[in-house]
Amino acid sequence: MSDYRREEAYKVRMTAAIKARERLHPEHKSNGDEQRYASANYAMSFTKGLRHDSNTGLIVDKEDFESFRRAIDEGFINAFTAQVRVASAKDRAWEAPTAGIVFELEGPDPQAVTMAPAPPLGSDELAYEMAEVYELALLRDQPLTDFAANKSNTTINESIDRLNALPYTVAGLPGRPRTTPNGVLSPQTLFRGSSPKVEVGPYLSQFMLIGNDQPGNSGVAHGYIQYGVLQINQRVPVATDQDYSNLK
């Protein structure tokens, strides 16, 4: 039995390896912001961990970012520790900076999957996503049950009208399937994600589970969920009472 199992395990692994080799690798596309804003110290690129100017928010030296990019291209951890200048010697070291180029033994190769590039600065898509964030803030106190096609909530409907008037929505939200069949946002599709069928079903709230009855701790307002021997704390710290939606 042991010899049979060993041979079968070998066949399964070989079959998986052949399938992985035959899988087409997609082209990884950027949005071009790195090249467009190189002269502005790469203002639209990922610069976390590098030295930044406290007045402008930009990196101090564009060479820091370019060293970071070279280290990514080299693909070895030593390049990050020896060549990339970080904000401070006391800061945390890079967390697995070469994880994207490792060779995995499970699932597809990391380079065999990709995602759409982020919306470029100045694009209609980015303007829409910024507007969506502000509309979320304006609607944060609206009843979740009002996000339904048969409900009439003036505040929600006004947000939908504003978002539907944006050029990106008028164009049909290209590449982002967050629309109804007729190509406009509705209470049922507002703020939905981009995955297939996410517009199906009701909205769910994290406040649906706020607690349950426990020995010596009845009711739900205490914010603890007892799940067998596990106790899940649903409470969150209360932030400073600041209405950021009113900031200009």
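Keep in mind that what you see is a predicted model, and the values were worked out from it rather than measured.

1. Things to note about the overall build of the chain
Check the secondary structure of the chain and you find 7 helices and 2 strands. Listing every helix and strand of the chain by position from the N terminus yields α-α-α-α-α-α-α-β-β. A separation of at least 24 residues holds for 39% of the contacts in the chain among residues at least 6 apart in sequence. Split by element, the accessible area of the chain, about 18,200 Å² in all, is 57% carbon and sulfur.

2. Regarding the nonpolar core
Membership of the largest hydrophobic core is limited to 11 residues, which are Tyr128, Leu139, Phe147, Ile156, Ile160, Leu163, Tyr168, Leu173, Leu185, Leu190 and Tyr203. Top contributing element to this core by residue count: helix H6 (residues 154-164), with 3 residues. Among the nonpolar cores identified, the runner-up in size contains 10 residues, and Ala38, Leu50, Phe65 and Ala71 belong to it.

3. Considering a nonpolar patch on the surface
Taken together, the side chains of Tyr227, Val229, Leu230 and Ile232 define a hydrophobic patch exposed on the protein surface, amounting to about 480 Å² of accessible area. Looking at the element boundaries, Ile232 is found in strand E2 (residues 230-233).

4. Observations regarding the packing of aromatic side chains
Taken as a whole, this structure holds 6 aromatic pairs when the rule is applied. Between Phe46 and Phe68 the ring centres are 6.3 Å apart and the planes differ by 35 degrees, which places this aromatic pair in the tilted class. A residue pair is termed long-range when its members are at least 10 positions apart, and Phe46 in the loop between helix H2 (33-36) and helix H3 (62-74) and Phe68 in helix H3 qualify at 22 residues. Overall, Phe46 belongs to the exposed group, its relative accessible area being 54%. Using a relative accessible area of 9% as the deciding quantity, one classes Phe68 as buried. Cluster of aromatic residues (ring-pair linked, three or more members): Tyr42, Phe46, Phe65, Phe68 and Phe80.

5. Let's talk about the environment of Asn212
Relative to the elements of secondary structure, Asn212 occurs in the loop between helix H7 (167-170) and strand E1 (224-227). Owing to a relative accessible area of 24%, Asn212 belongs among the partly exposed residues under this scheme.

6. Looking at the pairing of E1
Relative to E2, E1 runs antiparallel, the two being bridged by 4 bridges. Across the sheet, residue Ile225 finds its bridge partner in E2, namely Ile232. Taken together, E1 and the strand that follows it, E2, pair antiparallel across an intervening segment of 2 residues, in which Gly228 is found at a positive phi of about 65 degrees.

7. Here's the deal with the side chain of Asn164
Within the secondary structure, Asn164 sits in helix H6. Among the residues examined, Asn164 registers a relative accessible area of 18% and is labelled buried. Leave out the neighbours within four places in its chain, and Asn164 touches Thr169, Val170, Val184 and Leu185.

Conventions we followed
- Residues numbered from 1 in each chain as written.
- Predicted model: local features only at pLDDT ≥ 70, side-chain atom pairs only at ≥ 80, totals over all residues.
- Heavy atoms only, no water.
- Helix = DSSP H or I, 4+ residues; strand = E, 2+ residues; numbered from the N terminus.
- Contact = heavy atoms within 4.5 Å.
- Areas by Shrake-Rupley, 256 points an atom, 1.4 Å probe, with all protein chains shown as cover.
- Core = buried A, V, L, I, M, F, W, Y, C linked by side-chain atoms within 4.5 Å.
- Buried < 20%, exposed > 50% of the residue type's maximum accessible area, 1.4 Å probe, protein only.
- Patch = residues over 30% accessible without salt bridge, like charges linked within 9 Å, V, L, I, M, F, W, Y side chains within 5 Å.
- Salt bridge = Lys/Arg side-chain N within 4 Å of Asp/Glu carboxyl O.
- Phe/Tyr/Trp six-rings, centres within 6.5 Å; stacked < 30°, edge-to-face > 60°.
- Pairing = 2+ DSSP bridges.

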